[in-house]
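For reference, the chains in residue letters:
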Amino acid sequence: MAHTNVAVKPTPINVEEIRKEFPILHQKVNGKDLVYLDNAATNQKPKRVIDALVEYYTGYNANIHRGIHTLAEKATKAFEATRETARVFINAASTEEIIFTRGVTEGINLVAATYGRAFLNEGDEVIISTIEHHSNIVPWQLICEQTKANLVVIPVTDSGELKLDVYKSLLSSKTKIVAVNHASNSLGTINPVKEIIQLAHNVGAVVLIDGAQAGAHLTIDVQDLDCDFYCLSSHKMYGPTGTGILYGKKSLLEKMPPYHGGGEMIKEVTFEKTTYNDLPYKFEAGTPNIGDVVAFRHAMEFILDLGRENIAAHEHELLVYATEKVSKLKGVKIVGQAKNKVGVLAFTVQGIHHFDIGQMLDARGIAVRTGHHCTQPLMECYGIEGTVRASFSVYNTKKEVDQLVEGLERIINFMK
Ligand code: C6P
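Residues numbered from 1 in each chain as written. Predicted model: local features only at pLDDT ≥ 70, side-chain atom pairs only at ≥ 80, totals over all residues. Heavy atoms only, no water.

Peer 1: Hey, could you go over the site of the ligand for me, with residue numbers and the actual values?
Peer 2: Near the ligand you find 16 residues, and of these Thr105, Asp210, Gln213, Ser233 and Arg369 are the closest. Within the side chain of Arg369, an N or O atom sits 2.4 Å from an oxygen atom of the ligand. Arg389 is positioned with one of its side-chain polar atoms (N or O) 2.8 Å from an oxygen atom of the ligand. When isolated, the ligand has an accessible area of 510 Å², and the protein chains bury 87% of it. Because more than half of its atoms lie within 2 Å of the grid, the ligand is assigned to the largest pocket. Among the residues making up the shell around the ligand, the classes are represented as five nonpolar, seven polar and four charged. Structurally, the shell around the ligand is a two-domain feature, drawing no fewer than three residues from each of domain 1 (15-38 + 307-415) and domain 2 (50-304). (Near = heavy atom within 4 Å. Polar contact = N/O pair within 3.5 Å; in protein donor to acceptor, adjacent residues only side chain to side chain. Areas by Shrake-Rupley, 256 points an atom, 1.4 Å probe, with all protein chains shown as cover. 1 Å grid on protein atoms, 1.4 Å probe; cavity = no way out; pocket = protein on both sides within 12 Å on 5 of 7 lines; lining within 4 Å. Sits in = over half its atoms within 2 Å of the grid points. Nonpolar A, V, L, I, M, F, W, Y, C, P; charged D, E, K, R; others polar. Domains from an automatic or database assignment.)

Peer 1: Outline empty space enclosed by the protein, listing residues and values.
Peer 2: Under the criterion given, the structure shown has one cavity of 30 Å³ or more. Volume-wise, the largest cavity comes out at about 50 Å³. Forming the walls of the largest cavity are Asn39, Ala40, Gln213, His217, Val342, Gly343, Val344, Ser391 and Phe392. The residue inventory of the lining of the largest cavity, partitioned by class, reads four nonpolar, five polar and no charged. (Points joined across faces, edges and corners; volume = space filled by probe spheres on them.)

Peer 1: Can you tell me about the sheet that holds strand S10 (residues 244-248), naming the residues and giving the values?
Peer 2: With mixed pairing, the seven strands of this open sheet are ordered in space as S4-S10-S9-S8-S7-S5-S6. Each edge of the open sheet is held by one strand with a lone partner, namely strand S4 (98-101) and strand S6 (150-154). Sheet twist, expressed as the average angle between the axes of neighbouring strands with direction ignored, equals 20 degrees. Here helix H3 (residues 70-90) sits on the sheet in contact with S4, strand S9 (229-233) and S10, set at roughly 115 degrees to S4. Set on the sheet, helix H4 (residues 104-119) makes contact with S4, strand S7 (175-181), strand S8 (206-210), S9 and S10; between it and S9 the angle comes to about 150 degrees. (Pairing = 2+ DSSP bridges. Helix = DSSP H or I, 4+ residues; strand = E, 2+ residues; numbered from the N terminus. Axes fitted to C-alpha atoms, helices over the stretch in contact; angles between N-to-C directions. Contact = heavy atoms within 4.5 Å.)

Peer 1: Give me the sheet that holds strand S16 (residues 369-371): which residues, what numbers.
Peer 2: As summarised here, the arrangement of the four strands in space is S13-S14-S17-S16, forming an open sheet in which the pairing is antiparallel. Each having just a single partner strand, strand S13 (332-334) and S16 make up the two edges of the open sheet. For this sheet, the mean inter-axis angle between neighbouring strands, taken without regard to orientation, is 30 degrees. In the sheet, strand S14 (residues 344-349) pairs with strand S17 (residues 387-391) via four bridges, with the strands oriented antiparallel. Bridge pairing in S17 links Leu345 to Ala390. Across the sheet, helix H11 (residues 308-327) is in contact with S13 and S14; its angle to S14 comes to roughly 10 degrees.

Peer 1: For the pattern of salt bridges, give the residues involved together with the corresponding values.
Peer 2: The full count for this structure, using the stated rule, is 25 salt bridges. Its salt-bridge partner being Glu80, residue Arg83 comes within 2.8 Å of it at the nearest N-O pair. Taken together, the residues span about one helical turn, with Arg83 and Glu80 both in helix H3 at a distance of three residues. Here Arg83 ties to Glu284 by a salt bridge, and the two come within 2.8 Å at their closest N and O atoms. You can see Arg83 sitting in helix H3 and its partner Glu284 sitting in the loop between strand S12 (274-276) and helix H10 (290-306), a full 201 residues away along the chain. Like Glu284, Arg83 is buried. Residues joined in a network through salt bridges with shared partners are Glu21, Arg48 and Asp305. (Salt bridge = Lys/Arg side-chain N within 4 Å of Asp/Glu carboxyl O. Buried < 20%, exposed > 50% of the residue type's maximum accessible area, 1.4 Å probe, protein only.)

Peer 1: Account for the environment of Gly244, naming residues and giving values.
Peer 2: Within the secondary structure, Gly244 sits in strand S10. Gly244 gets classed as buried once you look at its relative accessible area, which sits at 0%. Residues Gly244 and Lys32 lie 212 residues apart in sequence; the distance between their C-alpha atoms is 33 Å. Among all residues touching Gly244, those that are not within four sequence positions of it are Ile99, Phe100, Thr101, Arg102, Gly103, Leu232, Ser233, Ser234 and Phe296.

Peer 1: So what's going on with unusual backbone geometry? Which residues, and what values?
Peer 2: Most of the time, phi is negative for any residue but glycine, and the peptide bond is trans. Here the bond from Leu279 into Pro280 is cis, since omega is 0 degrees, no more than 30 degrees from zero. With phi around 70 degrees, Tyr238 is a residue other than glycine that occupies positive phi space. Residue position: Tyr238 is located in the loop between S9 and S10. When its relative accessible area of 0% is taken as the criterion, Tyr238 is described as buried. The phi torsion at Cys374 lies on the positive side, around 60 degrees, for a residue other than glycine.

Peer 1: Go over helix H7 (residues 193-202) with me, naming the residues and quoting the values.
Peer 2: Here H7 has its buried residues at Val193, Ile196, Ile197, Leu199 and Ala200. Across the axial projection of H7, the buried residues extend over an arc of 165 degrees, all falling on one side. Structurally, H7 contributes buried residues whose contacts are with helix H6 (164-170), S7, S8 and helix H8 (222-225). (Arc of directions from axis to C-beta.)

This is how it looks when you write it as structure tokens:
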């Protein structure tokens, strides 16, 4: 099937058909039908992804790029096929710009450690935002400590949008890196990343986009965005854990020193001097996570086959439906009311701790996440300890939203 990023009118999702592809959804948890609403943490895997893993380990497990035997060649071909699918998925210009990582966290650490170490100097500034995941805060703090650069933070409005006016005023010739998420895991806010990138480029800064919460929900076109780096995690995109993508512009990746040293990332090693491999292998030291990378292709194809506009439209409908119902419940306060959101509904309930709500929902077979969602500075900014977060994927239904609402209603009535 040919996949393009051309916007078309959404086609309704046949959820019942899609659910058949997800074996895990058809089970009872605590005696109740599972209602899985923790998709921002990780989403479930369609059978084609699970089958690809089984086929790899039962049919052609071998190390790649090294052997000339048949299994090694087959494994190498399958591994590199995922790279090409990833290139298409984000519309990168070349597979040289697609580096396999363990996920978003490793992608950001790679850029901070290599680009940051090479190009940050004392007094330079790295701009992040208040609504970043710890993965897009701590790596920058580490590199700022080492280089004596300063971390600068874009503030957020009460509704969960970045204050762009303040961002504009923070940008200067000192700004060397801007790192923000495409969509927030705690609030659902979709950031105006294209604008953020253009503004950063005007002052000569490079931009990294944390795409953890975008990969399964939004169309990503790195050439149109003109981002310098873009990170994705497979496990949030219907794929296996333990792999992901770092996209980087070729011109930047070429300038950056390697991250890890070892096999595969070298051209020639002597005790005096080592020369490094071509892109993207320069950044892929050691035996990679071959099986999971191979299966990741099928996850991206699952998304592409459904169409990202169609997935987004379905999840948006669920979000609007759930927001309307949940916000009417006694004591509920929605946290994150940005105009543009992915399918994340976070809230607090007055007088009831989020952990208690999470546990009581779990007893009813409903999986949500509770706590600070690895965004402690954001929680502090809002003066809360945490929230209850329901997050939607393409296989969720309005009936499941009703079950969530009914569960919440009973918990609230019981606790009051
Ligand atoms: N957020 C959540 O429940 P890794 O762990 O590397 O795949 O992704 C880290 C990460 C980075 N940025 C954002 C915006 C994220 O949402 C996440 C992961 C999960 O919200 C687990 S904490």
